[in-house]
Amino acid sequence: MNLRANWPARAVAVATIGYSTAMTIAPQVLAKPCGLTRPDGSVPPEVAGLIRSLGVRDVALAVALALAPAGYPLRLLTAARMVSDGADAIWFSRLVNDSSMKVKVAGVAAGWALLEALVGLPERTADA
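Reading guide: rules and limits
- Residues numbered from 1 in each chain as written.
- Predicted model: local features only at pLDDT ≥ 70, side-chain atom pairs only at ≥ 80, totals over all residues.
- Heavy atoms only, no water.
- Helix = DSSP H or I, 4+ residues; strand = E, 2+ residues; numbered from the N terminus.
- Expected span 1.5 Å × (residues − 1).
- Buried < 20%, exposed > 50% of the residue type's maximum accessible area, 1.4 Å probe, protein only.
- Salt bridge = Lys/Arg side-chain N within 4 Å of Asp/Glu carboxyl O.
- Axes fitted to C-alpha atoms, helices over the stretch in contact; angles between N-to-C directions.
- Parallel < 35°, antiparallel > 145°, perpendicular 65-115°, else oblique.
- Left-handed = near helix turned anticlockwise from the far one by under 90°.
- Contact = heavy atoms within 4.5 Å.
- Nonpolar A, V, L, I, M, F, W, Y, C, P; charged D, E, K, R; others polar.
- Core = buried A, V, L, I, M, F, W, Y, C linked by side-chain atoms within 4.5 Å.

The next point concerns helix H1 (residues 7-25). In an α-helix, one full turn covers 3.6 residues, which means residues spaced three or four apart are oriented alike. Its 19 residues give H1 an end-to-end C-alpha distance of 27 Å, which sits within 8% of 27 Å, the value for a rise of 1.5 Å per residue. Along H1, the residues that are buried comprise Pro8, Ala9, Arg10, Val12, Ala13, Thr16, Ser20, Met23 and Thr24.

Right under this line is the structure:
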């Protein structure tokens, strides 16, 4: 298997593995910037559970993306990541009470979906 093919998509996947592992282990990594912590900085258990679920999902998809054969399998996994991040933009941002923070949370998730589209959907050869 040629892992050099579609290397931009694989690089984003590897970065996602790192970040998603961190937020699974320490949900405050995502909860704090989203304004989902308590005044004392702790993460409510229901928020921590949701963040861990998102983290595990993203690690699983990112590992599959990093190791997928080029072509259809990689594009299909990219589309799955895009749909997941698009859903996060819509639904996860609804948890946030502050309207300006809601826009930021949705924007970051939508930004990840756009980045994945740009690097994962076009056909790339190992020489590209």
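What follows is about the pattern of salt bridges. Scanning all chains against the criterion turns up 4 salt bridges. One salt bridge in this structure joins Asp58 and Arg57, with 2.9 Å as the shortest N-O distance. Accessibility expressed as a relative area gives 7% for Asp58, which makes it buried. Since its relative accessible area comes to 23%, Arg57 is described here as partly exposed.

Where helix H4 (residues 72-91) contacts helix H5 (residues 99-120), the axes come no closer than 8 Å and their chain directions differ by 165 degrees. When the axes of H4 and H5 are compared, the pair comes out roughly antiparallel. Note that H4 runs across H5; the crossing there is left-handed. Counting all contacts with H4, which are made through Leu74, Arg75, Thr78, Arg81, Met82, Asp85, Gly86, Asp88 and Ala89, the residues of H5 involved are Ala106, Ala109, Ala110, Trp112, Ala113, Glu116, Ala117 and Gly120. By residue class, the composition of the contact of H4 with H5 is 9 nonpolar, 3 polar and 5 charged.

Counting 14 residues, the largest nonpolar core has Leu36, Ile51 and Phe92 as the members making the most contacts within it. Contributing elements (two or more residues each) for this core: helix H2 (28-31), helix H3 (45-67) and H5. The leading source of residues in this core is H3, at 4 residues. Ignoring any residue separated from it by four or fewer positions in sequence, one finds Ile51 in contact with Met23, Pro27, Leu30, Ala31 and Phe92. Ranked by size, the runner-up nonpolar core spans 9 residues in total, among them Ala9, Ala66, Ala68 and Val119.

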